[in-house]
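Structural description and commentary
As a plain string of letters, each chain reads:
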Amino acid sequence: MNKIRRNVPLVRLPEEIQVSLYLIAEELKSRHLFSGLQQVELSDCFFQPHLDSLILKFIGMDGDSDDVYLVYTKIMDRRSMKIEADKDTITKQSLKAYTELMAEKKKFDKLEKSNPSR
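Notes on the structure in this doc start here.

With that settled, the discussion passes to the packing of aromatic side chains. By the definition in use, this model includes one aromatic pair. Taking the centre distance of 6.2 Å and the plane angle of 35° together, the rings of Tyr69 and Tyr72 count as tilted. Taken together, the residues Tyr69 and Tyr72, both in helix α3 (residues 66-80) and three residues apart, mark about one turn of the helix.

Following this line, the structure appears as structure tokens:
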């Protein structure tokens, strides 16, 4: 009898991309949860994780730049609102967020090369 293997990736990704996607997924879930808590006026929780600087470091973006952080926050907030309580939507939104972040990274890198004094 042939058993169906579950959770086997269709594509093997480099480890640094897998780690980035995992961190993004966890950040999206956290943002989604704490956004819901904020709606019922439970905000400013000391226990809310912030993986922002780690994610930005893994994908090679400058987390100290206000412009980078604002773009990152906009992407993550938008994508976190689109997840549901299932692995497929979280994975889909994580991939979309990663793709958007990498596109923004290219823009910032191009801008940096054209204006090195920045």
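Between its first and last C-alpha, α3 extends 21 Å over 15 residues, near the 21 Å set by a 1.5 Å rise per residue. Looking only at α3, the buried set comprises Val68, Tyr72, Thr73, Ile75, Met76, Arg79 and Ser80. The buried residues of α3 all sit within an arc of 170° when viewed along its axis, so they share a single face. In this structure, α3 carries Asp66, Leu70 and Lys74 as exposed residues pointing more than 90 degrees from its buried face. Against α1 (15-39), α2 (52-59) and α4 (87-114) lie the buried residues of α3.

Once that is clear, we can look at the pattern of salt bridges. Under the counting rule described, the total for this entry stands at eight salt bridges. Linking Lys29 and Glu26 is a salt bridge whose minimum nitrogen-to-oxygen distance equals 2.9 Å. Of the two residues, Lys29 and Glu26 both sit in helix α1, three residues apart, roughly one turn of that helix. Given the relative accessible area of 27%, Glu26 is considered partly exposed. Residue Lys105 pairs with Asp109 through a salt bridge whose shortest N-O separation is 2.9 Å. Here Asp109 and Lys105 lie together in helix α4, a separation of four residues that amounts to about one turn. Under the relative-accessibility criterion, Lys105 is labelled buried at 18%. Because the salt bridges share partners, they merge into one network encompassing Glu27, Arg31, Asp52 and Asp77.

On to α2, then. Within α2 the residues assigned to the buried category are Asp52, Ile55, Leu56 and Ile59. Projection of α2 onto a plane perpendicular to its axis shows the buried side chains occupying an angular sector of 95°, all on one side. Of the exposed residues in α2, the ones pointing more than 90 degrees away from its buried face are Ser53 and Lys57. Buried residues belonging to α2 abut α1, α3 and α4. Downstream of α2 by one or two residues, Gly60 has phi in the positive range, about 85°.

Our focus in this paragraph is the side chain of Arg31. Mapped onto the elements of the fold, Arg31 is located in helix α1. Within the structure, the side chain of Arg31 is placed 2.5 Å from the side chain of Asp77, a separation counted as a polar contact. Once you skip the residues sitting within four places of it in the chain, Arg31 turns out to touch Asp52, Tyr72, Thr73, Met76, Asp77 and Ser80.

What counts as what
Residues numbered from 1 in each chain as written. Predicted model: local features only at pLDDT ≥ 70, side-chain atom pairs only at ≥ 80, totals over all residues. Heavy atoms only, no water. Phe/Tyr/Trp six-rings, centres within 6.5 Å; stacked < 30°, edge-to-face > 60°. Helix = DSSP H or I, 4+ residues; strand = E, 2+ residues; numbered from the N terminus. Expected span 1.5 Å × (residues − 1). Buried < 20%, exposed > 50% of the residue type's maximum accessible area, 1.4 Å probe, protein only. Arc of directions from axis to C-beta. Contact = heavy atoms within 4.5 Å. Salt bridge = Lys/Arg side-chain N within 4 Å of Asp/Glu carboxyl O. Polar contact = N/O pair within 3.5 Å; in protein donor to acceptor, adjacent residues only side chain to side chain.

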